[in-house]
Amino acid sequence: MDAVTLTRAEIKVPVVEHRMLDNQIGYVWLRSFNKQSESALRDALSDLKAQGMRGLVFDLSIDGGGLLDVAVSVASMFMDGGPVVYVKERGREPQPLNARPGTLVDETLPMVVLVDRGSASASEIVAACLQDRKRALVV
């Protein structure tokens with residue numbers, strides 16, 4: 001049997017991938033909701049805006065979710081305040097977690113959110129919020 005040499009390496013998977021599609025439609029794939037997600041998403045959206053984005057496909061497929069506060073931060077990029085999700089503790093009234101005032105992406109920009117069976121947790125929260133607030137169509 002021949003010997004095989006393996007080299008250890010750190011593999012870095014980008015948390016956000018983005019590109020401009022035909023007709024100036026921006027595409028952003030957010031892979032997870034972690035500590036790097038907010039800044040990486042902000043950079044991607046800013047780049048697409050600078051390229052003249054006229055619509056957005058926001059892909060949350062195969063995104064198992066992550067941190068709740070990051071979900072609120074992500075939703076804040078698309079909505080000017082208001083509830084993202086309600087948290088209910090035993091014996092207490094539901095409390096809203098609100099989007100921050102101001103948006104990175106104009107609220108009139110057409111937007112579609114992609115989800116699949118791999119979308120869970122924070123990605124479900126963001127998708128449901130954007131749908132419920134009539135900010136995006138969820139597919």
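Shown above is the structure to which this text applies.
None of these values were measured; they are calculated from a predicted model.

1. As for the environment of R133
Thought 1: Turning to its location among the elements, R133 is positioned in the loop between α3 (122–132) and β7 (137–138).
Thought 2: Looking at R133, the relative accessible area reads 33%, which means it is partly exposed.
Thought 3: Along the chain, R133 and P83 lie 50 residues apart, while their C-alpha atoms are 9.0 Å from each other.
Thought 4: Setting aside chain neighbours within four positions, we find R133 in contact with M79, G81, G82 and P83.
Thought 5: At a separation of 2.9 Å, a polar atom in the side chain of R133 contacts the main-chain carbonyl oxygen of G81.
Thought 6: Side-chain polar atoms of R133 contact the backbone oxygen of P83, separated by 3.1 Å.

2. As for helix α1 (residues 37–50)
Thought 1: Its 14 residues place the ends of α1 20 Å apart at the C-alpha level, agreeing with the 20 Å of an ideal helix rising 1.5 Å per residue.
Thought 2: Along α1, the positions that sit buried rather than exposed are S37, L41, A44, L45 and L48. Buried positions in α1, seen along its axis, are confined to an arc of 95 degrees and lie on one side of it. Residues D43 and A50 are exposed on α1 and point more than 90 degrees away from its buried face.
Thought 3: Tucked into the core, α1 has its buried residues touching β1 (16–21), β2 (25–30), β3 (55–59) and α2 (68–76).
Thought 4: Trailing α1 by a residue or two, G52 shows a phi angle of about 90 degrees, which is positive.

Quick notes on the rules
Residues numbered from 1 in each chain as written. Predicted model: local features only at pLDDT ≥ 70, side-chain atom pairs only at ≥ 80, totals over all residues. Heavy atoms only, no water. Helix = DSSP H or I, 4+ residues; strand = E, 2+ residues; numbered from the N terminus. Buried < 20%, exposed > 50% of the residue type's maximum accessible area, 1.4 Å probe, protein only. Contact = heavy atoms within 4.5 Å. Polar contact = N/O pair within 3.5 Å; in protein donor to acceptor, adjacent residues only side chain to side chain. Expected span 1.5 Å × (residues − 1). Arc of directions from axis to C-beta.

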